[in-house]
Amino acid sequence: MSVPAPVPVPAAAQSSAAAQRPGAAEPAPPRPAREGPAAAVTLVVGFVLLSLNTRVAFGQLGPLAPVAGFGTGTLTLLGLLPPLCMGLFAPLAATARRRLGEERGLFWASALLLAGAVVRILGLPGLFIGTVLVSIATAVVNVLIPVFVRSRFEPRRVGVMMGVYALSMGVGSALVAALMVPVWEASGHSWRTAIGLAAVPAALAALGIAPQLRHAGRGAGRGAEPGAARTGVPSGAGAVGTGVPRSAGTRAGDTRARAAGAGVGKGGDRSGRTGRLDGLAWSLIAFFGLQTLLFYTTLAWLPAILVDAGVAKGTAGGMQSLFILGVAIGGFLTPVLAAARTDQRPHLFGVLLVCALGYAGLLVAPASAPALWAVVLGAGLGGGQAVAGVLYVKRGRDHDHVAALSTVAQTGGYLIAAAGPVTASVLHAVTGTWTAPLFAFVGVLLLSTVASLRAGHDRPAAGPAPVAGA
């Protein structure tokens, strides 16, 4: 009597069945398929060009402020607009990702940023309107970048690429900031010409990311890639770069994920209620918000703090470039080191200590070593800004959860940060010195130390992954 040969079972069905068995081990997140050398170079070059442009517009006013004659009210409002708009419009990224995918979302955000850079040239009203447009575009880029990095690069490259993002962001901003005063002088003291310089990297960013549009649609609204074990859907379907369209099963998994948890807190919220923010989300909001408050407040007022301490106006404007250079250095090193560990708390505490050293220097001897304090502060605050992206990726369960964490942290965080430049201006006006604002900055660092505890080590919880903006 012959024994029938076993019927081969497709690998996807095996993984799906194994995922549904009680106690089955959760599969590792799928790795993006390797692309050819030319495609890989195009991806990295486009990513760098996009990153170079992300903060250029926000670093232009600091060097110009001491020489161009902008009033205190104008500087305060221009310092308030970026974090306020980025907080209000961060949820727009969830809609852009769901309808367009990361690649199209980043391209159209780059196009809007270019339009905003051009509008900023059109006099003072254009400067305000253009800053709003640039901030909206940057809000979308901020949220999509961690998801883009996770989906298009190998997991072991996540820390490096987030570091490259922060380094490029700082270098681009530092280069343009360093050119502000020379261009202003060479153009006959025209701040419009100096501000218009931002259109060049903005155009390069749009051109650089454009080749990635060929991937658009392959991963738009990617569902629960590593969360397939929880939904019974084969993982990895439709990852960008694989060339495999999303299956009906993956789309069904996306639907179940949306139905199961529209709020970030579904997986980690011990109450089990949907639509609530869990402790991890609140910790990310607080850490990112307080760090961003310090970053944008220092970016807005560092030259004024140094001028008030007796530093020459031209020198104070140059210190802004050194500050941004420090941002690039800290922004590269911190995520690279943090991504290699499962517990990021030591790196978060290190960032906060470096920031405290910089503010202590401005309090004790601001005019003695302004370049040192500018670089130290930049390194600390740049590290704090960049490591947040690693936290989203490390704490997120899948692409959707990373997007949800990134969206909610940046929405709440930027709204917190919007209070910084205005509060510092009011404290300075009331006291007549920058001592009170600087002591307030140190107090914010202490709050940030407490806020970072949960975000630095909480592991992804089991359960369906929520979708931002669902």
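Definitions and limits used
Residues numbered from 1 in each chain as written. Predicted model: local features only at pLDDT ≥ 70, side-chain atom pairs only at ≥ 80, totals over all residues. Heavy atoms only, no water. Helix = DSSP H or I, 4+ residues; strand = E, 2+ residues; numbered from the N terminus. Buried < 20%, exposed > 50% of the residue type's maximum accessible area, 1.4 Å probe, protein only. Areas by Shrake-Rupley, 256 points an atom, 1.4 Å probe, with all protein chains shown as cover. Core = buried A, V, L, I, M, F, W, Y, C linked by side-chain atoms within 4.5 Å. Contact = heavy atoms within 4.5 Å. Axes fitted to C-alpha atoms, helices over the stretch in contact; angles between N-to-C directions. Parallel < 35°, antiparallel > 145°, perpendicular 65-115°, else oblique. Left-handed = near helix turned anticlockwise from the far one by under 90°. Nonpolar A, V, L, I, M, F, W, Y, C, P; charged D, E, K, R; others polar. Polar contact = N/O pair within 3.5 Å; in protein donor to acceptor, adjacent residues only side chain to side chain. Salt bridge = Lys/Arg side-chain N within 4 Å of Asp/Glu carboxyl O. Expected span 1.5 Å × (residues − 1). Bend = angle between axes of the 7 residues up to and from the residue. Phe/Tyr/Trp six-rings, centres within 6.5 Å; stacked < 30°, edge-to-face > 60°. Patch = residues over 30% accessible without salt bridge, like charges linked within 9 Å, V, L, I, M, F, W, Y side chains within 5 Å. pLDDT = per-residue confidence, 0-100.

Draft legend 1. Molecular detail of the overall build of the protein chain. The secondary structure content of the protein chain amounts to 18 helices and 0 strands. By residue count, 55% of the 470 residues in the protein chain fall in the buried class. Accessible surface, the protein chain as shown: approximately 17700 Å² in total, 69% of it carbon and sulfur.

Draft legend 2. Structural detail: the nonpolar core. Among the nonpolar cores identified, the biggest contains 105 residues, and Ile145, Phe323 and Tyr359 are the most heavily contacted of them. With 14 residues, helix 12 (residues 279-308) is the single largest residue contributor to this core. In contact with phenylalanine 323, other than residues within four places in its own chain, are Phe295, Thr298, Leu299, Leu302, Ala374, Leu377, Gly378 and Leu381.

Draft legend 3. Region of interest: the packing of helix 4 (residues 72-89) against helix 16 (residues 399-417). One can describe the packing of helix 4 onto helix 16 by two numbers: an axis separation of 7 Å at closest approach and a directional angle of 155°. Considered as vectors, helix 4 and helix 16 are oriented roughly antiparallel to each other. Handedness of the crossing formed by helix 4 with helix 16: left-handed. Contact with helix 4, carried on its side by Pro83, Leu84, Met86, Gly87 and Leu88, involves Gln410, Thr411, Tyr414, Leu415 and Ala417 of helix 16 and no other residues of that element. Residue composition of the contact of helix 4 with helix 16, by class: 7 nonpolar, 3 polar and no charged.

Draft legend 4. Summary view of the side chain of arginine 152. Mapping arginine 152 onto the fold places it in helix 6 (residues 123-152). Taking relative accessible area as the criterion, arginine 152 reaches 5% and is therefore assigned buried. Within the structure, the side chain of arginine 152 is placed 3.2 Å from the side chain of glutamate 103, a separation counted as a polar contact. A distance of 3.0 Å separates polar atoms of two side chains, one belonging to arginine 152 and the other to glutamine 212.

Draft legend 5. Just the packing of helix 12 against helix 15 (residues 370-395), in detail. It is at 10 Å that the axes of helix 12 and helix 15 come closest, and there the two elements cross at 155°. Between helix 12 and helix 15, the interaxial angle falls into the category roughly antiparallel. Helix 15 is crossed by helix 12, and the crossing has left-handed handedness. Contact with helix 12, carried on its side by Leu280, Leu284, Phe287, Phe288, Gln291, Thr292, Leu294, Phe295, Thr298, Leu302 and Leu306, involves Pro370, Ala374, Leu377, Gly380, Leu381, Gly384, Gln385, Val387, Ala388, Leu391, Tyr392 and Arg395 of helix 15 and no other residues of that element. Per-class residue counts for the contact of helix 12 with helix 15 are 16 nonpolar, 6 polar and 1 charged.

Draft legend 6. Expanded view of the pattern of salt bridges. Taken as a whole, this structure holds 4 salt bridges when the rule is applied. Across the pair arginine 152 and glutamate 103 runs a salt bridge whose closest N-O atoms are separated by 3.2 Å. Within this pair, whereas arginine 152 is found in helix 6, its partner glutamate 103 is found in helix 5 (residues 91-119), the two being separated by 49 residues in sequence. The burial state of arginine 152 is the same as that of glutamate 103; both residues are buried.

Draft legend 7. Examining helix 6 more closely. Its 30 residues place the ends of helix 6 40 Å apart at the C-alpha level, agreeing with the 44 Å of an ideal helix rising 1.5 Å per residue. The largest bend in helix 6 comes to about 35°, at leucine 144, with the proline proline 146 one to four residues further on. Along helix 6, 24 of the 30 residues are buried, which leaves the element largely enclosed by surrounding structure.

Draft legend 8. Highlighting the packing of aromatic side chains. A full pass over the atoms with the stated rule returns 12 aromatic pairs. With a centroid separation of 6.3 Å and an interplanar angle of 15°, the aromatic rings of phenylalanine 47 and phenylalanine 148 are classed as stacked. Of this pair, phenylalanine 47 sits in helix 2 (residues 37-53) while phenylalanine 148 is found in helix 6, placing the two residues 101 residues apart along the sequence. Residue phenylalanine 47 shares its accessibility class with phenylalanine 148, and that shared class is buried. Aromatic pair phenylalanine 288 and tyrosine 414: ring centres 5.1 Å apart, planes at 85°, arrangement edge-to-face. Here the residue phenylalanine 288 occupies a position in helix 12, and tyrosine 414 occupies one in helix 16, the gap between them amounting to 126 residues. A residue is classified by how much of its surface remains accessible, and phenylalanine 288, at 4% relative accessible area, is buried.

Draft legend 9. Structural view of the environment of leucine 127. Summarising the element assignment, leucine 127 is placed in helix 6. In the structure, leucine 127 is positioned 10 residues away from alanine 117 in sequence and 8.7 Å away in space, judged by C-alpha atoms. Residue contacts for leucine 127: discarding those within four places in its chain leaves Leu61, Phe70, Leu78, Val119, Arg120, Trp191 and Ile195.

Draft legend 10. Highlighting unusual backbone geometry. Phi at histidine 189 is positive, roughly 65°, even though this residue is not glycine. Checked against the element boundaries, histidine 189 lands in the loop between helix 7 (158-186) and helix 8 (191-196).

Draft legend 11. Local environment of helix 4. Over its 18 residues, helix 4 extends 26 Å from the first C-alpha to the last, a length consistent with the 26 Å expected when each residue adds 1.5 Å. The axis of helix 4 is deflected most strongly, by about 30°, at leucine 81, and proline proline 82 appears within four residues downstream. Turning to helix 4, its buried residues are Thr74, Leu75, Thr76, Leu78, Gly79, Leu80, Leu81, Pro82, Pro83, Cys85, Met86 and Gly87.

Draft legend 12. A nonpolar patch on the surface, seen in detail. Taken together, Leu88, Phe89, Leu92 and Leu415 make up a surface patch of nonpolar side chains, about 330 Å² in accessible area. With relative accessibility at 37%, the residue leucine 415 sits in the partly exposed group.

Draft legend 13. Expanded view of the environment of glutamine 212. Along the chain, the position of glutamine 212 falls in the loop between helix 9 (199-209) and helix 10 (228-231). In this structure the C-alpha to C-alpha distance between glutamine 212 and arginine 104, which are 108 residues apart in sequence, comes to 8.1 Å. Apart from residues no more than four positions distant in its own chain, glutamine 212 is found in contact with Thr42, Leu43, Glu103 and Arg152.

Draft legend 14. Here's a closer look at the confidence of the model for the protein chain. On average, the protein chain scores 78 in pLDDT, and the residues at 70 or more come to 77%. Per-residue pLDDT stays below 50 along residues 1-29; that stretch engages in 16 contacts with residues further than four places along the chain or on separate chains.

Draft legend 15. Region of interest: the side chain of serine 425. Within the secondary structure, serine 425 sits in helix 17 (residues 419-431). Once residues within four sequence positions are removed from consideration, serine 425 is found in contact with Thr72, Thr76 and Trp301.

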